[in-house]
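# Summary of structural features
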Amino acid sequence: MFPRYRLVGFCGLPGAAALGRLGTGDPGERAAEIEKVARSYAAGREPLPVLELLAVVANSSPGPDGRYRSRTPAATVRRFHQLAQKHRALLLLNIQPGRASVLDEVKALRDWLVHPDVGIALDPEWEMAGGQVPGDTYGRTDGHELTRVARYLSGLVKEHDLPEKPLVFHQVATSVVREQSALEPQPGVALIKSADGIGSPGLKRGTWRRLVRGLPDGVHTGFKLFYEEDAKGSRLMTPREVLRLKPRPEYVMYE
């Protein structure tokens, strides 16, 4: 996957505009739009559009199983997978686990993950411990858990002779990913740490520097932009500014 490609994507869920660009308007138009945006980030690489669909969404209520999350219907995932195939894009299935087991949620998506153009994105700020409620506090993961997910994906890659599969983990603060040094790259899995966080260009650069410090070997970098929130009281960073970050992000995602 790297250094051949630079990934550029929209995230979201149909009918939930507040959750990201992918959930606004016609999905086909969004897919065509991200193709165009991706080209502006090429910078010597082949641009690869990404549709990051929220496949598991954290909720403030426990739900019937008490896990504070809901799963996106298979019909919706199928529709976006077909859309990704039409536009030669990657489909990333984003998991906000609530109180559910992250690995269990990944395994529940196995029927999609055996496809060569489907990967995983994790949102550990929505990973709650017992007694915690999504939205009240930041959740967290650690390098051991991320390694277990990477190992599972690596097994699928080997079993089904698949191309390298991306595993993204979004990080909004240093507290969200503990024991990062325990993260072990796995064969056939491209690990991508995506720096989250809302704010002005200056604030986002500061968050970037904090989060990429001490990056483990074999982990690639990603950067997240927010069309509305970043622009409140400031402005959205341009592709040129994003590409000036060091190290240069290999995945750029817009919400």
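See above for the structure.
Attention here is on the structure that accompanies the text. Fair warning: this is a prediction, and the values are worked out from it, not measured in the lab.

### Considering the layout of surface pockets
Here the largest pocket defines a volume of roughly 340 Å³. Forming the boundary of the largest pocket are 22 residues, of which Glu125, Trp126, Lys224, Phe226 and Glu255 lie nearest the centre. Looking at which element gives the most residues to the lining of the largest pocket, the answer is strand β2 (residues 46–58), with four residues. Across the lining of the largest pocket, the residue classes break down as 11 nonpolar, four polar and seven charged. Roughly 190 Å³ of volume is contained in the second largest pocket. Lining the second largest pocket are Met1, Tyr5, Leu48, Arg88, Ala89, Leu90, Pro116, Asp117, Pro163 and Glu164.

### Things to note about helix α6 (residues 201–212)
Each α-helix turn comprises 3.6 residues. Residues three or four places apart therefore point the same way. Helix length check: α6 (12 residues) gives 16 Å between terminal C-alpha atoms against 16 Å at 1.5 Å per residue, within 8%. Three or more residues of α6 are buried, namely Pro201, Lys204, Gly206, Thr207, Trp208, Leu211 and Val212. Contact partners of the buried residues in α6: β7 (165–171), β9 (189–195) and β10 (219–225). Backbone geometry just downstream of α6 places Gly214 in the positive-phi region, at approximately 70°.

### A short note on the packing of aromatic side chains
The description of two aromatic rings rests on the distance between their centres and on the angle between their planes. This structure, assessed with the given rule, holds five aromatic pairs. Between Trp208 and Phe223, the ring centres sit 5.5 Å apart and the planes meet at 80°, which makes this aromatic pair edge-to-face. On the criterion of sequence distance, the pair formed by Trp208 in helix α6 and Phe223 in strand β10 is long-range, its members being 15 residues apart. Exposure remark for Trp208: the relative accessible area of 2% places this residue in the buried category. Looking at Phe223, the relative accessible area reads 2%, which means it is buried. For the pair Tyr227 and Tyr254, a centre-to-centre distance of 4.9 Å together with 25° between the ring planes defines the contact as stacked. Of the two residues, Tyr227 sits in the loop between β10 and α7 (239–243) while Tyr254 sits in strand β11 (residues 251–254), which places them 27 residues apart along the sequence. Of the residues examined, Tyr227 reaches a relative accessible area of 23% and is grouped as partly exposed. Its relative accessible area of 3% is what places Tyr254 among the buried residues. Through pairs of rings, three or more aromatic residues link up here, namely Phe10, Tyr41, Tyr227 and Tyr254.

### Here's the deal with the pattern of salt bridges
The full count for this structure, using the stated rule, is 14 salt bridges. Between Arg71 and Glu105 there is a salt bridge; the shortest N-O distance is 2.9 Å. Taken together, the residues Arg71 in strand β3 (residues 69–71) and Glu105 in helix α3 (residues 102–107) connect sequence positions 34 residues apart. Exposure remark for Arg71: the relative accessible area of 46% places this residue in the partly exposed category. The partner of Lys224 in a salt bridge is Asp196, and the shortest N-O contact between them spans 3.3 Å. Taken together, the residues span a long stretch of sequence, with Lys224 in strand β10 and Asp196 in the loop between β9 and α6 at a distance of 28 residues. Residues Lys224 and Asp196 agree in their burial class; the two are buried. Where salt bridges share partners, they join Asp65, Arg69, Arg71 and Glu105 into one cluster.

Reading the values: rules and limits
Residues numbered from 1 in each chain as written. Predicted model: local features only at pLDDT ≥ 70, side-chain atom pairs only at ≥ 80, totals over all residues. Heavy atoms only, no water. 1 Å grid on protein atoms, 1.4 Å probe; cavity = no way out; pocket = protein on both sides within 12 Å on 5 of 7 lines; lining within 4 Å. Points joined across faces, edges and corners; volume = space filled by probe spheres on them. Helix = DSSP H or I, 4+ residues; strand = E, 2+ residues; numbered from the N terminus. Nonpolar A, V, L, I, M, F, W, Y, C, P; charged D, E, K, R; others polar. Expected span 1.5 Å × (residues − 1). Buried < 20%, exposed > 50% of the residue type's maximum accessible area, 1.4 Å probe, protein only. Contact = heavy atoms within 4.5 Å. Phe/Tyr/Trp six-rings, centres within 6.5 Å; stacked < 30°, edge-to-face > 60°. Salt bridge = Lys/Arg side-chain N within 4 Å of Asp/Glu carboxyl O.

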